[in-house]
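# Overview (structure and organization)
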Amino acid sequence: MQVLKFGGSSVSNAENINKMISIIQLKQKAGKTVVVVSAFGGTTDALLNSVVLASEGNETYKDKLKEIERRHLEIVKDLIPVAQQSSVLSMVKKSCNEMEDICNGVFLLLELSSRTRDRMMSYGELLSSQIISAKLKSVGAENEWVDSRKLIVTNSNFENAVVDFEATNKNIQTHFSAANYSLFLLPGFVSADMKGITTTLGRGGSDYSASIFAAALNAKVLEIWTDVSGMMTADPRLVANAKIIPSVSYQEAMELSHFGAKVIYPPTIQPVMRKNIPVWVKSTFLPDQAGTLIQSESVKNGTSVRGISSINKIALLSLEGSGMAGIPGFSKRLFETLADTQINVILITQSSSEHSICVGIEDDSADKAKEAVDKVFSYEIERGRVEPLIVEKGLVIVALVGDKMKSHPGISGKMFSALGKNGVNVRAISQGSSERNISAVIAAQDVKKAVNVLHEEFFETTYKQVNLFITGLGNVGSKLMAQLLQQYNYLEQKLHLNIRIVGLGNSKKMLFNDKGIDLNNWKSLLQEAEEMNLAQYVKTIQSKNFRNSIFVDVTASGEVAKIYGDILQKSISVVACNKIAASSSYIYYQKLKELAREFNVHFLFETNVGAGLPVIGTLNDLLLSGDKINKIEAVLSGTLNFVFNNYNGEKSFAKVVKQAQDEGYTEPDPRLDLSGTDVMRKIMILARETGEKLEMDDITNNTFMPSSCMTGSVDDFYQAMEKEEDHFKKIFEEANKVSKKLKVVARYENGKAEVGLEPINSEHDFYHLYGKDNVVLFYTDRYTDQPLVVKGAGAGAEVTASGVFADIIRAARI
């Protein structure tokens, strides 16, 4: 004997029913078969809606009933040959007339009891099973239609009846032992009490019906056919890369179904588990796929976690008060009150101090619970021993499920670490003594991110998804986009990182795409995007709430630098090519550092000093290893190094500076470079990274630029430099006369920093510095006589973009 159950999606229309018929015909070859079916998809809701409308005095219930009748008659006409339709159409008409009579009575009385609701809802399965039975007969598959109400006996708890298994099992065994058929069709969900009055087994009860029949008949297998190919590692509506679970234990299946996995109804497992009957969950639409096997022992899958599930619309109730500590009976009174109010408790957690107890319930029951609990504890509340019940709504329970978790230490730590790194705040935690389930209560808006984060942590062996929001698409930003495109496959194959650019912005436009922006076509897409509004841009980034998110600033904008705090507080890392934030007031710099630590993300700005050179990284490595920075000497402007390496008095100083700007080595306003301001920012950043509380005003700037060059527009700046050519030539000739080279040098020592143009002799490390190179000398306790030297190209869009790229990878991998 085998039992097959087909859900509402499998019988939603004639096309799907024909697929089901093919499966039944194939399965029937293996022996006696019991088929349990649900109502046609959506019918139960439609029936309930009709009778509720009638109870409200709303005559539109008649239209709803006509639509239900029309749908069932159409399916009969589509499925069954004309010559065999008459009796089935009559059955449908008769049932629809009965439904109309019930609703008419409810409409007149304006009263709807649970008993009447059960009677009304039962028609869905009664109709679908008789139509499918007739269809099978029309294709030569002789079968017996059996009314489940004659077999499954329950109490009179309408809408969620409790099965009397002793009477039920006897009825089932008696009927089937005497039956002459090899194929049986039965309606799921429906049952009857001892008086023969129709009851139902609760929503999803058709699974339960099938399990009851399988256990009573000692079936060799129960197969549940639905619209997915088995139970999955997570809800595929939330996790695009969710996988089919090949095998789960009965206990794991119960935990997953209790915590929101809709593939199987929670009570279904109990009857078959007692008889050790295997359960297959398979897809009607992909019958050749293996599906999920539920049995006593699950097969190892390489991870101790079997699946991730969630329950939406949860409220937390917190009973707190100093008068609770050490006083027995508070928990008992709380749970008795909730039970008396017909409120189901989903999750429980209590502090070891006994000062508070917290329970999770369905959101819809929260107001009723508060009223009841506050009433019961009114005496203690009036005397200040207990606070009024605290209710938090808009929450979700996320649960890890797996039999093997108890033998693997660190699962909880891994779970909460992953959630914390992505800014998912956990409001309550619960873990059973069996350690088969670890549950966390979180905000509803975080559920998609949380489930994806956990799925990536426990199931993704292929890649980690990283979501980038890139702001600033000029010279450096464009190079960065090209590098990301070039390295996309390498990152996925070698580093297992799936990099998605989900947001782009420049001074004019902003563009978002949750599935990732096409890197081959981003320029044209951005041109057609909406106008940039920085406040809205930030708000959208925050609302996306993606996991593993990184905000990349490749602008020179002070306004963009001001939003870093808002970004970090949403647990989004910041990678800044923009120097303004790290070189602004020390208070703001320190605030950003503290926010990154507080929200467990990264604030990285390697390219602020030395473009793509590992200057800040090297400095931090020295400090982390216990070394002490005593002195820093550096040439930190690739622009100025390029200028003085190319200026010899033959071509004007202004023309050499213009050449540097044209080749992309200068800031948008070259005066930031030539005034020494940019170098001052860089040495200040390095000093701050050593722990020094340094401000721009604390740095001595021995500028070589005449004041006449530093006013007006950029064009005025170039004209003024032409007029001051003699000044620049004199500086060059004085150095050249003694065989020295001019370098703008930055120094930090003993808490002091200075910047200035210096003539460098041939023995110094700075002398042999060519093109746009930078060099930084770190004198430390370990590097005393010979400094640690970091040297290389310190300007240029390509190398700067590569430095930003390196920071992105650093933020993504940690």
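The preceding data block contains the structure.
The model shown is predicted, which means the values in this text are computed figures rather than measured ones.

Moving on, we get to the sheet that holds strand β29 (residues 773-780). Read across the sheet, six strands follow the order β26-β28-β27-β25-β29-β30 without closing on themselves; strand pairing throughout is mixed. Strand pairing shows two members of the sheet lacking a second neighbour, β26 (699-702) and β30 (788-793), which therefore form its edges. Strand-to-strand twist in this sheet, taken as the mean axis angle between neighbours without regard to direction, amounts to 20 degrees. Sheet topology note: the β29/β30 ladder contains six bridges and is antiparallel.

Under the criterion given, the structure shown has two cavities of 30 Å³ or more. In this model, the largest cavity occupies a volume close to 50 Å³. If you go around the largest cavity, the residues you meet are Leu640, Leu674, Ser675, Gly676, Asn701, Asn702, Thr703, Phe704, Val744, Val755, Gly756 and Leu757. At the level of secondary structure, the elements contributing two or more residues to the lining of the largest cavity comprise β26 and β28 (752-760). Here the lining of the largest cavity gets three residues from one element, more than from any other, and that element is β28. When its residues are assigned to classes, the lining of the largest cavity shows six nonpolar, six polar and no charged.

Of the volumes computed, that of the second largest pocket is approximately 1,200 Å³. Along the wall of the second largest pocket there are 47 residues; nearest its centre are Val601, His602, Arg810, Ala811 and Ile814. Within the lining of the second largest pocket, the residues separate by chemical class into 19 nonpolar, 13 polar and 15 charged.

Going through the model one piece at a time under the given rule, you end up with 21 aromatic pairs. Centroid distance Phe551 to Tyr564: 6.4 Å. Interplanar angle 65 degrees. Geometry classified as edge-to-face. In this pair, Phe551 is assigned in strand β22 (residues 549-553) and Tyr564 in helix α19 (residues 564-568), connecting sequence segments 13 residues apart. Each member of the pair Phe551 and Tyr564 is classed as buried. Here the aromatic rings of Phe644 and Phe704 are separated by 5.3 Å at their centres, their planes lie at 70 degrees, and the arrangement is edge-to-face. Of this pair, Phe644 sits in helix α22 (residues 638-646) while Phe704 sits in the loop between β26 and α26 (714-723), and the two are 60 residues apart along the sequence. This pair shows no difference in class: Phe644 is buried, exactly as Phe704 is. An aromatic cluster is defined as three or more aromatic residues linked by ring pairs; in this entry it consists of Phe551, Tyr564, Tyr586, Tyr589, Phe603 and Phe605.

If you look at the biggest cluster of nonpolar residues, it comprises 83 residues, and the most contacted ones within it are Phe551, Tyr564, Phe653, Ile683, Phe704 and Met721. A per-element tally of this core places helix α25 (residues 677-689) first, with seven residues. Apart from the residues lying within four places of it in its own chain, the contact partners of Phe653 are Val643, Phe644, Tyr647, Leu674, Phe704, Met721, Glu725 and Phe728. Grouped together as the second largest cluster of nonpolar side chains are 49 residues, Ile24, Leu65, Val88 and Val106 included.

Below, the discussion takes up the sheet that holds strand β21 (residues 530-531). Taken in spatial order, the seven strands of this open sheet run β21-β20-β19-β18-β22-β23-β24, and their pairing is mixed. Whereas interior strands pair on both sides, the edge strands pair on one side only; in this sheet they are β21 and β24 (603-604). Relative to strand β20 (residues 509-512), strand β19 (residues 497-505) runs antiparallel, the two being bridged by three bridges. When the bridges of β20 are listed, Leu504 appears paired with Leu511. Across the face of the sheet, helix α15 (residues 475-494) comes into contact with β18 (464-471), β19 and β22 while running at roughly 160 degrees to β19.

Turning next to the environment of Glu297. Within the secondary structure, Glu297 is located in the loop between β11 (292-295) and β12 (307-320). When the C-alpha positions of Glu297 and Ser247 are compared, they lie 8.4 Å apart, and in sequence the two are 50 residues distant. Non-local contacts of Glu297, meaning those with residues more than four positions away in its chain, are made with Ser247 and Lys404.

A separate point is the side chain of Asn143. Position of Asn143 among the secondary structure elements: in the loop between α5 (114-138) and β3 (144-145). Of note is the side chain of Asn143, whose polar atom sits 2.5 Å from the side chain of Ser133. Polar side-chain contacts of Asn143 include one of 3.0 Å to the backbone oxygen of Ala141. Apart from the residues lying within four places of it in its own chain, the contact partners of Asn143 are Ser133, Leu136, Lys137, Tyr181, Leu183 and Leu185.

Quick look at unusual backbone geometry now. A negative phi angle is the norm for most residues apart from glycine, just as the trans form is the norm for most peptide bonds. You will see that Asn600, though not glycine, has its phi angle at about 60 degrees, which is positive. Mapped onto the secondary structure, Asn600 falls in the loop between α20 (586-598) and β24. On the accessibility criterion, Asn600 (41% relative accessible area) is partly exposed. Despite not being glycine, Ser739 shows a phi value in the positive range, around 60 degrees.

Time to look at helix α7 (residues 205-216). Side chains that are three or four residues apart share a direction in an α-helix, a result of its 3.6 residues per turn. Compared with an ideal rise of 1.5 Å per residue, which puts twelve residues at 16 Å, α7 spans 16 Å between its outermost C-alpha atoms and is within 8% of the ideal. Among the residues of α7, those classed as buried are Gly205, Ser206, Asp207, Tyr208, Ser209, Ala210, Ser211, Ile212, Phe213, Ala214, Ala215 and Ala216. Asn218 sits one or two positions beyond α7 and adopts a positive phi of about 50 degrees.

Scanning the entire structure with this criterion turns up 33 salt bridges. The salt bridge partner of Glu380 is Arg333, with a shortest N-O separation of 2.8 Å. With Glu380 in helix α12 (residues 378-382) and Arg333 in helix α10 (residues 330-340), this residue pair connects regions lying 47 residues apart in the sequence. The class for Glu380 is buried, based on a relative accessible area of 10%. Glu382 is paired through a salt bridge with Arg383; the nearest N and O atoms lie 3.6 Å apart. Judged by relative accessible area, Glu382 falls into the exposed class, the value being 64%. Through salt bridges with shared partners, a single network forms among Lys631, Glu633, Arg747 and Glu758.

Reading the values: rules and limits
Counting of residues starts from 1 at the beginning of each chain's written sequence and follows it residue by residue. With the structure being a predicted model, the display of local features is reserved for residues of pLDDT at least 70 and the display and counting of side-chain atom pairs for 80 or more, all residues being used for whole-chain, interface and lining totals. Each side-chain value is derived from all of the structure's non-hydrogen atoms; neither hydrogens nor water enter the calculation. Here the rule is simple: two strands pair whenever DSSP picks up at least two bridges between them. Counting from the N terminus, the helices are the DSSP runs of H or I reaching at least four residues and the strands are the DSSP runs of E reaching at least two. Helix axes are fitted to C-alpha atoms over the stretch in contact, other axes to C-alpha atoms as well, and angles between N-to-C directions run from 0 to 180 degrees. A cavity, in this analysis, means grid points on a 1 Å lattice covering only the protein atoms where a 1.4 Å probe fits yet has no way out; a pocket is instead an open set bounded by protein on both sides within 12 Å along at least five of seven lines, and a residue lines either one if it has an atom within 4 Å of a point. Grid points are joined across faces, edges and corners, and a volume is the space filled by probe spheres set on the points. Residue type decides the class: Asp, Glu, Lys and Arg count as charged, Ala, Val, Leu, Ile, Met, Phe, Trp, Tyr, Cys and Pro as nonpolar, and the leftover types, Gly among them, as polar. Only Phe, Tyr and Trp rings take part, Trp by its six-membered ring, and two of them pair if their centres are within 6.5 Å. Stacked means planes under 30 degrees apart, edge-to-face means over 60, and tilted covers everything else. Relative accessibility under 20% of the residue-type maximum defines a buried residue, over 50% an exposed one, and the middle range a partly exposed one, all with a 1.4 Å probe and only protein chains included. Definition used in this section: a nonpolar core is a set of buried Ala, Val, Leu, Ile, Met, Phe, Trp, Tyr and Cys residues joined via side-chain atoms within 4.5 Å. The contact rule is simple, with two residues in contact once any of their heavy atoms fall within 4.5 Å. Residues adjacent in sequence count toward polar contacts only when both atoms are side-chain atoms; beyond that, a polar contact is any pair of N or O atoms within 3.5 Å, and within protein one must be able to donate a hydrogen and the other to accept it. A helix is expected to span 1.5 Å for every residue after the first. Salt bridge, as used here: a side-chain nitrogen of Lys or Arg that lies within 4 Å of a carboxyl oxygen of Asp or Glu.

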